[in-house]
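# Fold and contact review
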Amino acid sequence: MVNELNQQPETSNAAQPNDEDEATLVKRIAAGDPAALMTLYDRTNRLVYSVVLRLLGDAAVADEVLLDVYTDAWKHASGLDPKQAASLTWLTTIAATRAIDRIGTIPTDSGSPDYLRDLLIARIEREVQLNPPQPGGPGDAKAAPRRPVPLLTPPEQERSRLPWLAVIGLAIAALLAFLAWRQADQSAKQLNDQLSGAQADATNLRTLVDVQRARNREFEQIDAAISSRDTKVIHLQGQQDAPSASVVIFWETQKKRCLIDGHLPPAPDGKVYQLWFVLPRESISAGVIHTDPLGHILKTIDIAQDISRISAAAITLEPNGGSRQPTPPIFAMGKVNQ
């Protein structure tokens, strides 16, 4: 098919009279007619090429993109609705998109048959042979385009192209604006992610500072309690129902005050821990004990009753509000060394 095309009489690249309009040609292309694609190429390639060349500024690359534009047209012709977009607008939009993709080094895949690409390559080569660069022109010959860039020479035809040029300019501007918006949107998302990460780090740091301050206050209270000469230390160990429990009571006998520090399993809903001082004939309640969500205890209690004869201390799990007498089982218990 390439040989037959090369044997056709050489003609200029201007649009030739034809009874079929572009919309009909696009329908034939969608039906798989290569001849319709060649006709559409003959009518529109100068305009499409000028769009690509102005964006890229490289004639060799523009030739490659031109081939991609018409192979894309072959592949996607069935998706064009003539009522929504004119064929020329559709082609120039593809051209601008392909050129911008080439600037961004995005690989493309036309998916067109090999013989169709051969036909287009032959047409492009014929255009280069029929319209070689003119020597002796202004500027460096190396930078001269490989085919004349002017679209149409007759004034009346030039005026008829002005609306299309406006459409092309708007399409290119819209594409460039979209790319700029996408870049700005990505930058905004990255900045937002960095800001969110910094806020999370700041929150974690504040939490660590608060925890450290609480621990410092705890150490200060414990240090003050054990510094007193009259302080007795009662170690309570976890029992069968709470083997991991560990509680220390710093009993300041002269001040009749106890500092309780340790860990217990978090109390279930509706329950609370209660501390008992065990005397020879009775058990005296020292009050209920609340833990933090992790089960930690740090509490100071004042003791109004005389507990100088206590032999042990114990912790039980009671209903909210506490009980008058300890309810088994015992969760933690320790003896008092007199």
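Now for a look at the structure at hand. Throughout this document, residue positions are counted from 1 along each chain, in the order its sequence is written. In keeping with the model being predicted, local features are shown solely for residues with a pLDDT of at least 70 and side-chain atom pairs are shown and tallied solely at 80 or more, while totals for entire chains, interfaces and linings include all residues. As a rule here, side-chain values come from all non-hydrogen atoms in the structure, and water together with hydrogens is ignored.

### Structural notes on the packing of helix H2 (residues 22–30) against helix H3 (residues 34–56)
What counts, and what does not: Helix axes are fitted only over the stretch in contact, all axes being lines through C-alpha atoms; the angle between N-to-C directions runs from 0 to 180 degrees. Comment: elements are numbered from the N terminus, with helices defined as DSSP H or I runs of at least four residues and strands as E runs of at least two. Note: crossing handedness is left-handed where the near helix turns anticlockwise from the far helix by less than a right angle, and right-handed where it turns clockwise. Contacts are assigned to residue pairs with any non-hydrogen atoms lying within 4.5 Å of each other. Each residue gets one label: Ala, Val, Leu, Ile, Met, Phe, Trp, Tyr, Cys and Pro are nonpolar, Asp, Glu, Lys and Arg are charged, and the others, such as Gly, are polar.
Packing of H2 against H3 brings their axes to within 8 Å, and their N-to-C directions diverge by 145°. Judged by the sense of rotation from one axis to the other, the crossing of H2 with H3 is left-handed. Where H2 approaches H3, its residues Glu22, Leu25, Arg28 and Ile29 are matched on the opposing element by Ala35, Ala36, Leu37, Thr39, Leu40 and Arg43. Among the residues making up the contact of H2 with H3, the classes are represented as six nonpolar, one polar and three charged.

### Details of the sheet that holds strand E5 (residues 283–289)
Put simply, the rule is: Strand pairing is assigned whenever DSSP identifies at least 2 bridges connecting the two strands.
Pairing within the open sheet is antiparallel, and its eight strands lie in the order E5-E4-E7-E8-E1-E2-E3-E6. Edge positions in the open sheet fall to E5 and strand E6 (296–302), since each of these has one partner strand only. Across the sheet, the mean angle from the axis of one strand to that of its neighbour is 20°, orientation sign disregarded. Bridge count for strand E4 (residues 271–278) against strand E7 (residues 312–319) is eight bridges, and the pairing is antiparallel. Across the sheet, the residue bridging to Val272 is Glu318, located in E7.

### A short note on H3
The condition that has to hold: Any helix carries an expected span of 1.5 Å times its number of residues minus one. Note that bend, as reported per residue, equals the angle between axes fitted to the 7 residues terminating at that residue and the 7 residues originating from it. Each polar contact in these results corresponds to two N or O atoms within 3.5 Å; when the atoms are within protein, one needs to be able to donate a hydrogen and the other to accept it, and residues that are neighboring in sequence are counted only if both atoms are side-chain atoms.
End to end, H3 covers just 28 Å across 23 residues, shorter than the expected 33 Å (1.5 Å per residue, more than 12% under). In the structure, H3 departs most strongly from a straight axis at Thr44, where the bend amounts to approximately 60°. N-cap assignment for H3: the residue whose side-chain oxygen lies 3.0 Å from the backbone N of Ala35 is Asp33. A positive phi of about 75° marks Gly57, the residue just after H3.

### Observations concerning the packing of aromatic side chains
Cut-off, in case you're wondering: Here a pair means two rings of Phe, Tyr or Trp (six-membered ring of Trp) with centres within 6.5 Å. Their orientation is stacked below 30 degrees between planes, edge-to-face above 60, and tilted elsewhere. Buried residues are those whose accessible area, probed at 1.4 Å on protein chains only, stays under 20% of the maximum for their type, while exposed residues exceed 50% and partly exposed ones sit between those limits.
Counting across every chain of the model gives two aromatic pairs. Note on Tyr41 and Tyr70: the rings are 5.0 Å apart at their centroids and 70° apart in plane angle, and the pair reads as edge-to-face. Here Tyr41, found in helix H3, pairs with Tyr70, found in helix H4 (residues 59–76); they are 29 residues apart in sequence, far enough to count as distant. Like Tyr70, Tyr41 is buried.

### Some points on the nonpolar core
As a reminder of what qualifies: Note on terminology: a nonpolar core comprises buried Ala, Val, Leu, Ile, Met, Phe, Trp, Tyr and Cys residues joined through side-chain atoms within 4.5 Å.
If you look at the biggest cluster of nonpolar residues, it comprises 34 residues, and the most contacted ones within it are Ile29, Val48, Val69, Tyr70, Trp90 and Leu91. Of all the elements in the fold, those that place two or more residues in this core are H2, H3, H4, helix H5 (87–103) and helix H7 (155–227). Top contributing element to this core by residue count: H3, with eleven residues. Other than its neighbours up to four places away in sequence, Val69 contacts Val48, Leu91, Ile94, Ala95 and Arg98. Residues Trp251, Ile284, Ile310 and Ile315 belong to the second largest nonpolar core, which totals 28 residues.

### Here we look at H2
What sets the pattern is the α-helix's 3.6 residues per turn: residues three or four places apart point alike. Here is the rule we go by: The arc in question is traced by the directions running from the helix axis to the C-beta atoms.
Leu25, Val26 and Ile29 are the residues of H2 that are buried. Taken end-on, H2 shows its buried residues confined to a sector of 100°, consistent with a single buried face. Against H3, H4 and H5 lie the buried residues of H2. Looking at the residues trailing H2, positive phi occurs at Gly32, about 95°.

### Focus: unusual backbone geometry
Residues apart from glycine generally show negative phi values, whereas peptide bonds are mostly found in trans. Cis geometry is found at the peptide bond from Pro328 to Pro329, where omega equals 5°. Its location among the elements puts Pro329 in the loop between E7 and strand E8 (330–335). Despite not being glycine, Lys256 shows a phi value in the positive range, around 50°. With respect to the helices and strands, Lys256 occurs in the loop between strand E2 (246–252) and strand E3 (257–263). Note on Lys256: relative accessible area 46%, which makes it partly exposed.

### Topic: the pattern of salt bridges
To keep things clear, this is the line we draw: Should a side-chain nitrogen of Lys or Arg be within 4 Å of a carboxyl oxygen of Asp or Glu, the pair is scored as a salt bridge.
Applying the stated criterion across every chain, the model contains eight salt bridges. Two residues, Asp68 and Arg102, come together in a salt bridge whose shortest N-O distance is 3.5 Å. Of the two residues, Asp68 is situated in helix H4 and Arg102 in helix H5; the sequence distance between them amounts to 34 residues. Salt bridges here are not isolated pairs; linked through shared partners, they connect Glu64, Asp68 and Arg102.

### Side note on the packing of H4 against H5
For the record, the criterion: Orientation categories follow fixed angle ranges, with anything under 35 degrees roughly parallel, anything over 145 roughly antiparallel, 65 to 115 roughly perpendicular, and all other angles oblique.
Taken N-terminus to C-terminus, the directions of H4 and H5 make an angle of 130°; their axes are 9 Å apart at the nearest point. Judged by the angle between their axes, H4 and H5 are oblique. Between H4 and H5 lies a crossing of right-handed hand. Mapping the contact onto sequence places Val61, Glu64, Val65, Asp68, Val69, Tyr70, Asp72, Ala73 and His76 in H4 and Trp90, Leu91, Ile94, Ala95, Arg98, Ala99 and Arg102 in H5. Of the residues contributing to the contact of H4 with H5, the split by class is ten nonpolar, one polar and five charged.

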